[in-house]
Amino acid sequence: MDKVKVGFIGCGGIAQYHFGHFDKMRDKAQIVAACDLQEERAKATADRFQAKAYLDYKQMLSKEKLDALFVCVQPGAHDGMEMLAIEKGIPMFVQKPMTLDMAYAKMVLAGLKKKKLPSAVGLQCRYCDSVDIAKRWADTHDIGVISGHRLGGMPKVWWWRVMEQSGGQAVEQTIHTFDLLRYIFGEVTSVRSVRRRGLMTDVENYNVDDASSTVLTFKSGAIGTFSTGCFGPGAHDINAYAPDSRLLYTIFGNYKITEPNRTIEGKASNDYGQECTETFIDVVRGALPIDEVLSPYADAMKTLALVFAINKSMDNDGAPVTPSI
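Residues numbered from 1 in each chain as written. Predicted model: local features only at pLDDT ≥ 70, side-chain atom pairs only at ≥ 80, totals over all residues. Heavy atoms only, no water.

1. Brief notes about the overall build of the protein chain
Check the secondary structure of the protein chain and you find eleven helices and 14 strands. On C-alpha atoms alone, the protein chain measures out to a radius of gyration of 20 Å, which is about the 20 Å that the 2.2 N^0.38 rule sets for 325 residues. On the principal axes, the C-alpha backbone points of the protein chain span a range of 60 × 45 × 35 Å. Burial analysis of the protein chain (325 residues in total) assigns 56% to the buried set. Once local pairs closer than 6 in sequence are excluded, the contacts in the protein chain between residues at least 24 apart make up 68%. (Helix = DSSP H or I, 4+ residues; strand = E, 2+ residues; numbered from the N terminus. Rg over C-alpha atoms; globule rule 2.2 N^0.38 Å. Buried < 20%, exposed > 50% of the residue type's maximum accessible area, 1.4 Å probe, protein only. Contact = heavy atoms within 4.5 Å.)

2. Re the pairing of strand E4 (residues 68-71)
The two faces of E4 match: Ala68 and Phe70 on one face and Leu69 and Val71 on the other face are all buried. Across three bridges, E4 lies against strand E5 (residues 92-94) in parallel orientation. In the sheet register, Leu69 faces E5, and the bridge partner there is Met92. For the handedness criterion, the β-α-β arrangement of E4, helix H4 (residues 81-87) and E5 is classed as right-handed. (Pairing = 2+ DSSP bridges. Right-handed = clockwise from strand over helix to strand, strands pointing away.)

3. Examining the environment of Cys276
Within the fold, Cys276 resides in helix H10 (residues 272-284). On the basis of relative accessible area, Cys276 is assigned to the buried category, the value being 1%. Put simply, Cys276 and His21 are 255 residues apart on the chain and 9.4 Å apart in space, counted from C-alpha to C-alpha.

4. So, the nonpolar core
Ranked by size, the top nonpolar core spans 98 residues in total, and within it Val6, Phe22, Leu69, Phe185 and Tyr297 carry the most contacts. The element that contributes the greatest number of residues to this core is helix H11 (residues 297-315), accounting for eleven residues. The contacts of Tyr297, once residues within four sequence positions are left out, are Val94, Met98, Ala105, Val108, Leu109, Leu112, Ser119 and Val121. Core analysis: the next-biggest nonpolar cluster, separate from the first, contains nine residues, Met154, Trp159, Trp160 and Met163 among them. (Core = buried A, V, L, I, M, F, W, Y, C linked by side-chain atoms within 4.5 Å.)

5. Concerning the environment of Leu151
Position of Leu151 among the secondary structure elements: in strand E7 (residues 145-151). Since its relative accessible area comes to 23%, Leu151 is described here as partly exposed. Separated by 23 residues in sequence, Leu151 and Thr174 have C-alpha atoms that sit 9.1 Å apart. Discounting residues that sit within four places of it in the chain, Leu151 has contacts with Thr228, Gly229, Phe231, Gly234, Ala235 and His236.

6. So, a nonpolar patch on the surface
Nonpolar side chains collect at one region of the surface, where Val145, Val215, Ile223 and Tyr241 lie side by side and expose about 300 Å² of accessible area between them. For Tyr241, the position within the fold is in strand E11 (residues 237-242). Given the relative accessible area of 32%, Tyr241 is considered partly exposed. (Patch = residues over 30% accessible without salt bridge, like charges linked within 9 Å, V, L, I, M, F, W, Y side chains within 5 Å. Areas by Shrake-Rupley, 256 points an atom, 1.4 Å probe, with all protein chains shown as cover. Salt bridge = Lys/Arg side-chain N within 4 Å of Asp/Glu carboxyl O.)

7. Here we look at the sheet that holds strand E6 (residues 119-121)
Strand order in the open sheet formed by six strands is E3-E2-E1-E4-E5-E6, and the pairing between neighbours is parallel. Since the sheet does not close on itself, it has two edges, and those belong to strand E3 (52-54) and E6, each with one partner. Strand-to-strand, the axes of this sheet are offset by a mean angle of 20 degrees, without reference to chain direction. (Axes fitted to C-alpha atoms, helices over the stretch in contact; angles between N-to-C directions.)

8. Brief notes about the pairing of strand E9 (residues 211-218)
Where strand E8 (residues 188-196) meets E9, eight bridges bridge the pair, whose relative direction is antiparallel. Within E9, the residue paired with Arg196 across the bridge is Ala211. Here E9 folds back onto strand E10 (residues 223-229), and the loop between the two strands holds four residues, one of which, Gly221, carries a positive phi near 105 degrees.

9. Focus on the packing of aromatic side chains
Applying the stated criterion to the full structure yields ten aromatic pairs. Centroid distance Phe8 to Phe70: 4.9 Å. Interplanar angle 20 degrees. Geometry classified as stacked. Pair noted here: Phe8 is in strand E1 (residues 4-9) and Phe70 is in strand E4, with a separation of 62 residues, a long-range link. This pair shows no difference in class: Phe8 is buried, exactly as Phe70 is. Centre to centre, the rings of Phe185 and Phe218 are 6.4 Å apart; their planes meet at 75 degrees, and the pair counts as edge-to-face. Highlighted residues: Phe185 in helix H9 (residues 175-185) and Phe218 in strand E9, separated in sequence by 33 residues. Phe218 matches Phe185 in its accessibility class, with the two residues each being buried. Three or more aromatic residues link up through ring pairs in this structure, and these residues are Phe8, Phe19, Phe22, Phe49, Phe70, Phe93 and Phe280. Just above the ring of Tyr183 sits the side chain of Lys135; from NZ or CZ to the centre is 4.3 Å. (Phe/Tyr/Trp six-rings, centres within 6.5 Å; stacked < 30°, edge-to-face > 60°. Lys NZ or Arg CZ within 6 Å of the ring centre and 35° of its normal.)

10. Considering the sheet that holds strand E13 (residues 255-259)
The strand order across the open sheet built from eight strands is E8-E9-E10-E7-E11-E12-E13-E14, with neighbouring strands paired in mixed fashion. In this open sheet, the two strands that pair with only one neighbour each are E8 and strand E14 (262-266). Pairs of neighbouring strands in the sheet enclose a mean axial angle of 10 degrees, with direction left out of account. By the bridge criterion, seven bridges tie E9 to E10 in an arrangement that is antiparallel. Bridge pairing in E10 places Leu216 opposite Gly224. Of the strands in this sheet, E11, strand E12 (245-250) and E13 are in contact with helix H6 (residues 131-139), which crosses E12 at around 150 degrees. Of the strands in this sheet, E7, E9, E10, E11 and E12 touch H9, which is tilted by about 30 degrees from E11.

In structure tokens form, the structure reads like this:
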């Protein structure tokens, strides 16, 4: 089976994460083209993988014959690269959040469906092997309340601090946890969210929320409360409570199930980031069926709608918002 010829648009931090995955599957895929607005990053990637460097993705997509494309640009920078790739029939892996414009996401999804192209979104926490344990617990318990936190770890890149480029923490960072809430506990029918600002006074060119708290109503009837902030020592917990049991889960795959007569705990045993990237490549090369992708663009749009609804509720003083595509 021939190697999958891969192109990258964006060679920054998150692309470096994927480059490590490609280092481990050089027998399956080859990065042949790398595009970045910063010439030194594009050249460094090209040197690493014996690829060709580009500064313009349109030029790259017109000159290269690609089997797959990875789009790793900031949320506010999606200006048509996906549509051009779809026009050329190229399957794509898009980093989360896929865009800050739901109308654009709908165009991308329509194009993917029309061409019947495989797609994936970088919601790698779904690929953690321990998430199946959490899902089985959720499916067999009548859950009353869910609570959690995502605190600390503010990215230092310039665009993350700009709401118009990142969408804020709930959209850009905590989307991983909100996605897990959907994946484990089911769809969310309504959110109410409020924001806190004025804490991060020492950060330049900063206009995102310092913190937010959200009440989520799940289709199952469960009620969730989740707080997120870009300060503090770090917290990544999800806690779910049923009348006779409790689940503690983290985005890193650690879990603890407490029942009246026993406690079960453990952690992830797989490299779920590698699995997320490699599953997509295996689907493109025909080694796996398309439904092995756990985070296709179509489903990731539901999580995108959820975090957009959270921002909308904040903008409207905590008014209830129904996530919708």
